[in-house]
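# An overview of the molecular structure
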Amino acid sequence: MKVRTRFAPSPTGNVHIGNMRAAIYNWLFARHHGGEFLLRVEDTDRERSTQEAIQTLLDAMAWLKLDVDGEPLYQSTRMEIHLEAAELLLSKGLAYKEDKGGLGQGECIIFKMPGTDASFEDGIKGSLSTAAENMQDFVIVRSNGTPVFHLANVLDDIEQGITHVIRGDDHIENTYRHMALYQALGADVPNFAHLPMIINAQGKPYSKRDGDAFVGDFREKGFLGDALFNYLALLGWSPGDDREVMTRDEMVEAFDLARCQSSPAQVDLRKLTWMNGEYMLKLPTEEFIATCFCEIEKGGIEAAPDYAKAVFGLVRERVKTVVDIVPMVAYLFTEEFEYEAKAVRKKLQKDGVREILEQVKSIFQALEIFDEASTDQAIHDFIETSGLGFGAVMAPLRIAISGIQSGPDLFPMLEVLGRERVTGRIDRTLAQFLA
RNA sequence: GACCCCUUCGUCUAGUGGCCUAGGACUCCAGGUUUUCAUCCUGGCAACACGGGUUCGAACCCCGUAGGGGUCGCCA
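The paragraphs below set out a description of the structure included in this document. (Residues numbered from 1 in each chain as written. Chains lettered and ligands numbered in written order. Predicted model: local features only at pLDDT ≥ 70, side-chain atom pairs only at ≥ 80, totals over all residues. Heavy atoms only, no water.)

## A word on the overall build of chain A
What counts is decided by this rule: Secondary structure elements are defined from DSSP: runs of H or I of at least 4 residues count as helices, runs of E of at least 2 residues count as strands, and each element is numbered from the N terminus. Only C-alpha atoms enter the radius of gyration, while the globule expectation follows 2.2 Å times N to the 0.38, with N the number of residues. Each residue gets one of three labels from its accessible area relative to the maximum for its type: buried under 20%, exposed over 50%, partly exposed in between, using a 1.4 Å probe on protein chains only. Calculation of accessible area relied on Shrake-Rupley with a 1.4 Å probe; when residues are assessed, cover is drawn exclusively from the protein chains displayed. For the purpose of counting charges, residues Lys and Arg are taken to be positive, whereas Asp and Glu are taken to be negative. His and the chain ends are not included. Here the site of a charge means atom NZ of a Lys, CZ of an Arg, CG of an Asp or CD of a Glu.
Helix and strand content of chain A: 17 helices and 12 strands. Computed over its C-alpha atoms, the radius of gyration of chain A comes to 31 Å, more than 25% above the 22 Å expected for a compact globule of 435 residues. Considered along the principal axes of its C-alpha atoms, chain A spans approximately 100 × 45 × 40 Å. When each of the 435 residues of chain A is scored for burial, the buried share is 48%. As presented, chain A carries roughly 21,300 Å² of accessible surface, and 48% of it is formed by carbon and sulfur atoms. Of the side chains in chain A, 46 bear a positive and 67 a negative charge, and the two mean positions are spaced by 3 Å.

Quick look at the structure:
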């Protein structure tokens, strides 16, 4: 039988990474088995399920390249069918009506649990079981006439022909109920696999107040969709060898529920950042350039396209996340950049520095051509003849033209800036700190 | 509280009775290469929750303890 999995989120405007990881595992599992990955939007909460929220969800999936087979099923369109099924259960004596009081809304429909012990083979956790007395009858249709999650969820999974339900382990107890529902409805019980939760840096489950656990937040923090996908895939699963940075195809090929962890995992932003850097490096140059333009525009920087491209080339291999870009290149687009106080104190305001910078400036002015090779040669000649150390010249020069101690390779950076800017910046430095 | 689940370096993990003086990755530290910055290379720190069994032998099997988590809704 063809494998069919699904992702069934409620569109509330934010998708938690725990849910998104479940989506990734469902996707990986389906693709591994040559099956289908379906989407079902559980939008029965009319309050929160706005068109915007649905779009946010779709955007997040597109960002992570989770392609869906077939059209999404909107749960809100199926209420009649859910209700009919409840009536059927009622007529078969598998459910009953009762006024449970409390809210005083009249009678609701309650599903009758079979009263037997239950067990199943979980795809990740192995054999799971519970005794009959732990499972009470439960409401499937509210007294206001709307179907409850359990009923709708099971009916829709049947409708979509889901063969493998891969979800968070907070659903384990529900699984016993759902299995009984499948049986009462005369449907085949699918395979279940329960993923452990993702926990925060304190080792606790993410709460609504942990602002950094939504998919959109990771995008805003400058992570790439492919990198987050890879990272999340490895958070709770491993291919069994030492591979970590893997292509989609490799992950699809290697994915196996049996290799999934059954204990919770913590997100480590440092490792995600490292992995993101690996993906930044792999980005095709045009894509990297396009991303950079997009970022500086957001950062309010205006620049001539050719000059900007040259600047981006300078930081190509150093960018770890998308949001690194602007701070890393900002001083190359303005003459109003700041000087780092510590750098000035340690490397600039020292005896002899003034003379060195003055000499470097005049050497640069005398150059026939001002480019990477010529400045490199000129500085080396200067060091040779003056007897100065390389660092004694390079460090002050770097700070004079950039304001900071670290940054791109210096000679290419000189070429990109051009003679005029470079000498101008040296003058400014001299006037400001070494007058 | 009851029931269920979980427990290897700080973090993600490998490990399914001998290959384990427990391997890899991230982070951190120390050297080295690069006469700038970064990269890179080498090395280092660092873990089987605890206690009992079973066994010639246990991170791996069993029991218990502790700790953590989940569920117990006319939420999903």
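Past the structure itself, the notes keep going.
## Quick notes on the packing of aromatic side chains
For clarity, the threshold we go by: The aromatic pairing rule takes the rings of Phe, Tyr and Trp, using the six-membered ring of Trp, and pairs them if the centres are within 6.5 Å, calling planes under 30 degrees apart stacked, those over 60 edge-to-face and the rest tilted.
Taken as a whole and assessed by the stated rule, the structure comprises 14 aromatic pairs. Judged by centre distance (5.6 Å) and plane angle (70 degrees), the rings of Phe-120 and Tyr-176 are edge-to-face. Pair noted here: Phe-120 is in strand β6 (residues 118-122) and Tyr-176 is in helix α5 (residues 172-184), with a separation of 56 residues, a long-range link. Neither residue differs from the other here; Phe-120 and Tyr-176 are each classed as buried. Their ring planes at 45 degrees and their centres at 5.1 Å tell us that Phe-337 and Tyr-339 sit as a pair that is tilted.

## Thoughts on the environment of Lys-112
Position of Lys-112 among the secondary structure elements: in the loop between β5 (108-111) and β6. A C-alpha to C-alpha distance of 7.2 Å links Lys-112 and Phe-138, two positions 26 residues apart in sequence.

## A closer look at unusual backbone geometry
One non-glycine residue, Lys-65, lies in the positive phi region at around 55 degrees. Mapped onto the elements, Lys-65 comes out in the loop between α2 (51-63) and β3 (73-74).

## With respect to the sheet that holds β3
Working definition: the strands of a sheet are paired by backbone hydrogen bonds and lie parallel or antiparallel to each other. Convention followed: The pairing criterion is simple: DSSP has to find at least two bridges between the two strands. The contact definition used throughout considers only heavy atoms, calling two residues in contact when any of these lie within 4.5 Å. Fitted lines through C-alpha atoms serve as axes, helices being fitted only where they are in contact, and the angles separating the N-to-C directions of these axes extend from 0 to 180 degrees.
A sheet is described by the order of its strands in space; here 3 strands give the open sequence β1-β2-β3, paired in parallel fashion. Of all the strands in the sheet, the pair left with one neighbour each is β1 (4-7) and β3. Relative to strand β2 (residues 36-41), β1 is paired through 4 bridges, and the arrangement is parallel. For Thr-5, the partnering residue across the bridge sits in β2 and is Phe-37. Along the sheet face, helix α4 (residues 149-159) touches β1, β2 and β3 and points at about 145 degrees away from the line of β2.

## Describing the protein's contact with RNA strand B
Here is the rule we go by: Proximity is defined per residue: if any heavy atom of the residue lies within 4 Å of a molecule or strand, that residue is considered near it. Identification of polar contacts relies on pairs of N or O atoms within 3.5 Å, with a donor-acceptor requirement for protein atoms, meaning one able to donate a hydrogen and the other able to accept it, and with residues adjacent in sequence counted only if both atoms are side-chain atoms. Each residue gets one of three labels, nonpolar for Ala, Val, Leu, Ile, Met, Phe, Trp, Tyr, Cys and Pro, charged for Asp, Glu, Lys and Arg, and polar for the others, Gly among them.
What surrounds RNA strand B is a group of 52 residues, the closest being Arg-142, Glu-244, Arg-318, Arg-398 and Asp-409. Backbone atoms, meaning sugar plus phosphate, form 73% of the atoms of RNA strand B positioned within 4 Å of the protein. The contact in question runs from a sugar or linking oxygen of RNA strand B to an N or O atom on the side chain of Asn-134, over 2.9 Å. Contacts to RNA strand B include Gln-266, whose backbone N or O atom sits 3.1 Å from a phosphate oxygen. Sorting the residues of the surface near RNA strand B by element identifies β7 (126-130), α4, α5, β12 (265-266), α9 (269-282) and α16 (390-402) as the ones contributing at least two each. Of the residues in the surface near RNA strand B, the class split is 14 nonpolar, 20 polar and 18 charged.

## As for the state of the cysteines
Our working definition: When two cysteine sulfur atoms are found within 2.5 Å, that pair is recorded as a disulfide.
Taken as a whole and assessed by the stated rule, the structure comprises 0 disulfides. Here Cys-292 stays free of any disulfide, with the sulfur of Cys-294 as its closest cysteine sulfur at 9.8 Å. Here Cys-292 falls in the buried class, since its relative accessible area comes to 0%.

## Here we look at the packing of helix α13 (residues 341-348) against α16
Relative placement of two packed helices is described by the angle separating their axes and the distance separating the axes. Here is the rule: Here a crossing is called left-handed whenever its near helix is offset anticlockwise from the far helix by less than a right angle, and right-handed whenever the offset is clockwise.
Where α13 meets α16, the closest approach of the two axes is 10 Å, and the angle between their N-to-C directions is 145 degrees. By crossing handedness, the relation of α13 to α16 is classed as left-handed. On α16, the residues touching Ala-343, Lys-347 and Leu-348 of α13 are Ala-395, Pro-396 and Ile-399. Taken together, the residues of the contact of α13 with α16 break down into 5 nonpolar, no polar and 1 charged.

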